Amino acid sequence: MKPKSLRYKLFITFVLLILVPYALIQITYFHKTREVIEEQVSHLNRDQLINVKDDFNKVSIGALKNMIQLDQNSEMERFLENPEHHSTEEREIGIQNFVAQIKQQNMNSQFLNYILLDTSGNYYLSFPEPSHRLKLDEFRDIYMCEENSTLNWRLHEGGSLFSNTSSSKRFYSLCDVKQNDEGEEYFLAISLDIEEWLKSEVKLAWTRSNYYIVNTEGELIAGTNSNYRIPYKIRTQVIGEQGQSNGYLDEKNSILFNSTYLPSSGWYIVSRFPLDMFLGDIRSEEHRSLIMILSITILFIVLTYVLLSNLTQPLKQLSRKMSEMVRQNLRYRITEDKHEGEFLELAQSFNKMVDEIEMMIANLKQEEKQKQAIQYQMLISQMNPHFLLNTLNTMKWNARKHGDEGTVEISKSLGIILEASLDMEADLVHLRSELNIAKAYLYIQSFRYQHSFQTIVEIEEERLNFALVPKMMLQPLIENAIYHGLVHTKEGKGIITIRVYPRGDELYLEVEDNGVGLEYAKQHKDSTRRGGIGLNNLRERLRLLFGDQTGLNLMDLKEGTRVQIKIPFLLSVPYKSREGVPCGK
């Protein structure tokens with residue numbers, strides 16, 4: 001396809017208006033959907049992380065309360081300080097009942113291990129005994145606990161103590177070493193199995209995230225997946241200042257990390273959630289959509305090429321036919337029976353256009369012949385007015401020679417009128433020139449009717465002298481005022497008023513008389529005159545010059561008649577002669 005061809009332009013238009021918006025809408029839709037899901041999952045993950053933090057604080061506080069109860073209970077103190085004063089069965093039952101009682105107060109007690117060792121070396125455990133019996137010093141080493149130590153949490157290795165109980169390597173514990181009156185020592189401790197507790201939190205969470213407890217250095221303390229280590233780059237993003245919770249999205253692996261700070265221990269709980277659990281289907285759908293868009297694009301290109309070929313082929317044929325028509329001088333037609341639908345209408349319109357062009361050319365040739373004949377007749381007819389003008393000038397000089405000034409003035413006025421009628425080039429003249437023609441005509445008519453009427457000219461502004469008006473426009477109006485108005489007046493002197501004024505973009509010219517009026521003139525119409533021809537000719541001339549922007553109205557007054565003409569206000573700036581006097585036609 002050529003870049004400037006119609007087929008190419010239509011193809012590019014379809015691609016830009018259909019395929020490109022469709023592809024952009026699909027890509028934007030999946031992108032926005034992914035962003036919304038990521039935001040919602042991140043929000044829910046943070047909420048869940050806060051719940052894990054709250055559960056950790058609850059189990060820690062519960063363990064601390066249990067430790068205080070064990071440390072301050074007098075019955076436990078008697079059993080552990082002086083075990084020889086009680087039977088073995090009594091001690092075991094008493095200790096088991098008390099431990100069971102305080103465990104009921106802690107909802108997470110299944111992850112707490114209770115250890116008590118009396119002064120005789122007998123120990124009481126809430127979990128299965130280790131494979132070999134431990135001594136007090138070994139307990140001290142495991143728990144890193146000294147005599148009369150404060151109740152502080154300690155992170156330690158489980159060693160062989162929990163080998164038969166848990167696979168966890170580290171425990172979070174409270175311990176205390178006390179003495180009886182004889183200086184013999186006994187031991188109390190409560191240990192939290194952190195990894196097992198974290199795994200239980202994962203089972204309760206709907207997102208199935210992996211949780212990790214790390215210190216401020218990023219060292220792993222416990223985790224639901226002990227084989228995973230948080231990369232350094234991610235640790236620096238999620239572990240911030242103390243008390244600050246951060247989030248980070250590993251876009252490469254589509255993994256969402258969130259963290260929250262544990263003030264009681266100075267640790268962080270970090271959640272690791274693979275977004276593929278939620279976005280996997282969306283990505284698959286996105287890939288399928290891209291494949292579908294690509295397939296649609298290929299199919300669209302093929303179908304568009306075929307359709308545009310069918311569409312543009314008749315247009316190409318029409319172009320060839322038009323070239324053939326030019327070569328054969330319009331003696332060519334398109335065969336209509338080979339087309340249908342819109343192309344049939346196009347072929348019919350083409351043939352009709354050729355017929356009309358032939359007819360128009362024939363009419364133009366005929367009009368040109370007529371125009372040439374008219375111009376020839378006009379050249380012949382202009383010989384007589386020129387002869388009359390020259391004869392008139394001869395009469396004027398002869399009358400002046402014999403002192404007949406009246407005849408001289410009539411000859412001058414008639415010369416002005418004849419000269420204006422001989423000028424075929426100008427259709428519009430300055431108002432000043434048109435008024436000179438009107439005054440010349442009025443002088444002749446005034447002389448004829450023994451000066452029985454006078455003329456008044458009213459021009460609203462001086463600049464109107466250079467307004468453009470149709471040539472010989474006022475003469476038929478003045479003639480109409482004399483023959484249909486003033487000649488029938490029997491009393492008083494007749495008055496003809498010529499009035500010119502602008503209104504916006506329009507110019508108004510009025511000729512008014514104080515004659516008998518319209519009604520009387522119609523009733524006493526002179527059958528020897530061709531009434532109305534002058535006004536009708538003037539109306540047609542105005543229409544040809546100005547179209548719908550003009551108007552001619554007759555108004556019956558109380559005394560006389562007014563003829564009003566409306567034309568566009570066209571003001572011609574006058575040029576000046578060397579002496580500074582404005583000149584114009």
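In this report, the structure presented in the accompanying data block is examined. (Residues numbered from 1 in each chain as written. Predicted model: local features only at pLDDT ≥ 70, side-chain atom pairs only at ≥ 80, totals over all residues. Heavy atoms only, no water.)

This part is about the nonpolar core. Core analysis: the largest hydrophobic core is formed by 39 residues, its most contacted members being Leu474, Ile478, Ile496, Leu507 and Leu509. For this core, the secondary-structure elements that each account for two or more residues are helix H10 (405-422), helix H11 (431-448), helix H12 (474-486), strand S14 (494-503), strand S15 (506-513), helix H14 (533-546) and strand S17 (561-568). Among the elements that take part in this core, H11 stands out by supplying 8 residues, more than any other. Excluding anything up to four places from it in sequence, Leu474 contacts Glu434, Leu435, Ala438, Ile498, Leu509 and Val511. Formed by 36 residues, the second largest nonpolar core is a distinct cluster that contains Leu70, Phe79, Val99 and Leu112. (Core = buried A, V, L, I, M, F, W, Y, C linked by side-chain atoms within 4.5 Å. Buried < 20%, exposed > 50% of the residue type's maximum accessible area, 1.4 Å probe, protein only. Helix = DSSP H or I, 4+ residues; strand = E, 2+ residues; numbered from the N terminus. Contact = heavy atoms within 4.5 Å.)

A word on a nonpolar patch on the surface. Where nonpolar side chains cluster on the molecular surface, the patch consists of Ile12, Leu16, Leu17, Ile18, Val20 and Leu24 and spans about 540 Å² of accessible area. By the element assignment, Ile18 lies in helix H1 (residues 6-72). Judged by relative accessible area, which is 45%, Ile18 ranks as partly exposed. (Patch = residues over 30% accessible without salt bridge, like charges linked within 9 Å, V, L, I, M, F, W, Y side chains within 5 Å. Areas by Shrake-Rupley, 256 points an atom, 1.4 Å probe, with all protein chains shown as cover. Salt bridge = Lys/Arg side-chain N within 4 Å of Asp/Glu carboxyl O.)

As a further point, take the sheet that holds S17. With mixed pairing, 5 strands are arranged side by side in an open sheet as S12-S14-S15-S17-S16. Lying at the two open borders of the sheet, with one neighbouring strand each, are strand S12 (453-459) and strand S16 (551-556). For this sheet, the mean inter-axis angle between neighbouring strands, taken without regard to orientation, is 15°. Of the pairings in the sheet, the one linking S12 to S14 comprises 7 bridges and is parallel in character. Of the residues in S14, the one forming a bridge with Phe453 is Gly494. Strands S12, S14 and S15 of the sheet are contacted by H11, whose axis makes an angle of about 170° with S12. (Pairing = 2+ DSSP bridges. Axes fitted to C-alpha atoms, helices over the stretch in contact; angles between N-to-C directions.)

So, on to the pairing of strand S8 (residues 247-250). Burial along S8 is one-sided: the face carrying Tyr248 and Asp250 is buried and the face carrying Gly247 and Leu249 is not. Across 4 bridges, the pairing between S8 and strand S9 (residues 255-262) is antiparallel. Residue pairing in the sheet places Tyr248 in a bridge with Phe257 of S9. Counting the residues that bridge the hairpin from S8 to S9 gives 4 residues, and of these Ser254 lies at a positive phi of roughly 55°.

Turning our attention to the sheet that holds strand S4 (residues 170-179). On the basis of which strands lie adjacent, the open sheet formed by 5 strands has the order S2-S1-S5-S4-S3 and antiparallel pairing. Sheet topology places strand S2 (123-125) and strand S3 (154-157) at the edges, where each strand pairs with a single neighbour. Adjacent strand axes in the sheet meet at a mean angle of 25° when their direction is disregarded. Relative to strand S5 (residues 185-192), S4 runs antiparallel, the two sharing 8 bridges. The residue bridging Ser173 from the neighbouring strand is Ser191, located in S5. Against the sheet, helix H2 (residues 74-81) contacts strand S1 (112-117), S2, S4 and S5, and its axis sits at roughly 125° relative to S5. Strands S1, S2, S3, S4 and S5 of the sheet are contacted by helix H4 (residues 136-143), whose axis makes an angle of about 35° with S5.

In short, shape yes, function no, at least from these values alone.
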